[in-house]
Amino acid sequence: MDSVVVVGAGLGGVSTAKALRTKGFRGTLTLLGDESEAPYDRPPLSKDVLLGTIDHQPLALDAERFGIDLRAGVEAVGLARAGDRWAVRCGNGEEIRADRVVIATGAHPIKLRALDAHPNVYSLRTLQDAHGLRGVLRRPMDVVVIGAGWIGAEVASAAAAIGCTVHVVDRETAPQSGTFGSEVGRRFLPWYGEAGVELLLGRQVVNTGARHIELDDGTVVPAEVIVSGVGVAPSTSWLNSASIELDRRGAVLVDRYLESISAPGVYAVGDCASYPTDRYSTRLRPEHWTNAQQSGAAAAANTLGHATAYDPVPYFWSKQFGRMLQYVGHHDHQDTLVWRSDPANPDWSAYWVRRGQPTAFLAVNRPREVVDVRRLLAQSAPFDLARLADEANPVATCVPEPSAR
């Protein structure tokens, strides 16, 4: 193998490119990024960048040192077979051929047509988005956030800290209930009230004017600025002519080695890849920082022939309303929720159980517990559920010693 093209210069692409070099690849390595900025980290966009604490957080790449041909501002618009190689067609008319291609184009925000009539609608995915919204939020104003998920909560938290009057609209009956269920979602409700943010739940936007929105129950809400945070979709439309199999959401279907199931020599990482997991007996597409970093390193190893099955314990975190939320693992509606501590406390934790073992763990301001849970879940350690249910027992003591197993 003499050449690799990595399409996408976010964390997944950068992690792949760096890992290729550190694992010994000496061929031609091209990294394409459709944004003109040098690679940067995305999590700070909805926090420190929006608040103006920092301008941005660069990703450590050192392209010159690693011999990476970074093409910033060059968008991939097509992928096709070229004999026994692959050809990436770029928006500038260039065609780049390579033995292997890694797709790391991430995801883009879903747009709501009901918001089209409003002049100031923002999403938050890129550095340009964050700078644009930060430039608008220079004074207290009426802000409406659509969606009470991770991004919605973080933006609402930041806007309230700036002094804005913030309304959050969500069709669910509790924040983040789509991820955690309504019982857990209800535990987030007081956080909004404490920050002066009004929640408008179980409702949807049906119309907008120049300075307001109208909900499906007839409520009219003032809105100088709207931030849409209703989710993202994989950025894979440029693959339409490549005969690469996608799932119903548009993610690249890959095998346990992150290689496309329909296009040998093409790999996918991060938000745009759907991979099978033996650990949870399903397919996953985590839209979070850790997955982008870990999958990039695994894809690099696999392109070099070092068979590395990808099946980590998912992990993500969020800072909102002065709290740190951390989630480890993966659960579904069949799993049983167990409160490890009183959720009325400022810090608390809970977990989900299936067939006698935890599948996922959620903690608020309990980083020590999360460190231990991540380690033990990765080891597939057998938990003592009776001990785990009592917060007086440190998590590390809730599994038997190796000699006792």
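Above this note sits the structure.
Here the structure is a predicted model, which means the values were calculated and not measured.

Looking now at the overall build of the protein chain. If you tally the helices and strands in the protein chain, you get 11 helices and 26 strands. The C-alpha radius of gyration computed for the protein chain amounts to 22 Å, which stays within 12% of the reference 22 Å derived for 405 residues, consistent with globular compactness. Dimensions of the protein chain, computed from C-alpha atoms along their principal axes, come out at roughly 65 × 60 × 35 Å. By residue count, 52% of the 405 residues in the protein chain fall in the buried class. Approximately 17,700 Å² of the protein chain is accessible, and the part contributed by carbon and sulfur atoms is 47%. Of the side-chain charges in the protein chain, 41 are positive and 46 negative, and the distance between the mean point of each set is 3 Å.

With that settled, the discussion passes to the packing of helix 1 (residues 11-22) against helix 9 (residues 289-303). Put simply, helix 1 and helix 9 touch, their axes get as near as 7 Å, and they point 35 degrees apart. Considering how the two elements wind past one another, helix 1 and helix 9 form a crossing that is right-handed. Here Leu11, Gly12, Ser15, Thr16, Ala19 and Leu20 of helix 1 come into contact with helix 9, specifically with Trp289, Ala292, Gln293, Gly296, Ala297, Ala300 and Thr303. In the contact of helix 1 with helix 9, the residues fall into seven nonpolar, six polar and no charged.

Right, let's get into the layout of surface pockets. Counted as a void, the second largest pocket has a volume near 320 Å³. Along the wall of the second largest pocket there are 15 residues; nearest its centre are Arg279, Tyr280, Gln357, Pro358 and Thr359. Only strand 26 (357-364) and helix 10 (367-378) provide two or more residues apiece to the lining of the second largest pocket. When residues in the lining of the second largest pocket are grouped by element, the largest group, three residues, is from strand 26.

Conventions used here
- All residue numbers refer to position in the chain's written sequence, counted from 1.
- Only residues with pLDDT of at least 70 are given local features in this predicted model, and only at 80 or more are side-chain atom pairs given and counted; all residues enter the totals for whole chains, interfaces and linings.
- Note: side-chain values were computed over all heavy atoms of the structure, leaving out hydrogens and water.
- Under the DSSP-based scheme used, a helix requires at least four consecutive residues in state H or I and a strand at least two consecutive residues in state E, with every element numbered from the N terminus.
- In this description the radius of gyration comes from C-alpha coordinates, and the expected globular size is given by 2.2 Å times residues to the power 0.38.
- Type-normalised accessible area, obtained with a 1.4 Å probe on protein chains alone, sets the label of each residue: buried when under 20%, exposed when over 50%, and partly exposed for intermediate values.
- Computed with the Shrake-Rupley method and a 1.4 Å probe, the accessible areas treat only the protein chains shown as cover for residues.
- Two residue types count as positive, namely Lys and Arg, and two as negative, namely Asp and Glu; His and chain ends fall outside the count.
- Positions of charges follow a simple convention, taking NZ of Lys, CZ of Arg, CG of Asp or CD of Glu.
- Fitted lines through C-alpha atoms give the axes, limited to the stretch in contact for helices. The angle between two N-to-C directions lies from 0 to 180 degrees.
- Should the near helix be turned anticlockwise from the far one by less than a right angle, the crossing is left-handed, and should it be turned clockwise, the crossing is right-handed.
- Note on contacts: a residue pair qualifies if any of its non-hydrogen atoms lie within 4.5 Å across the two residues.
- Here the nonpolar group is Ala, Val, Leu, Ile, Met, Phe, Trp, Tyr, Cys and Pro; Asp, Glu, Lys and Arg are the charged ones; every other residue, Gly included, is treated as polar.
- Cavities and pockets are defined on a 1 Å grid built over the protein atoms alone: a cavity is a set of grid points where a 1.4 Å probe fits but cannot escape, while a pocket is an open set with protein on both sides within 12 Å along at least five of seven lines, and lining residues are those with an atom within 4 Å of any such point.
- Grid points are joined across faces, edges and corners, and a volume is the space filled by probe spheres set on the points.

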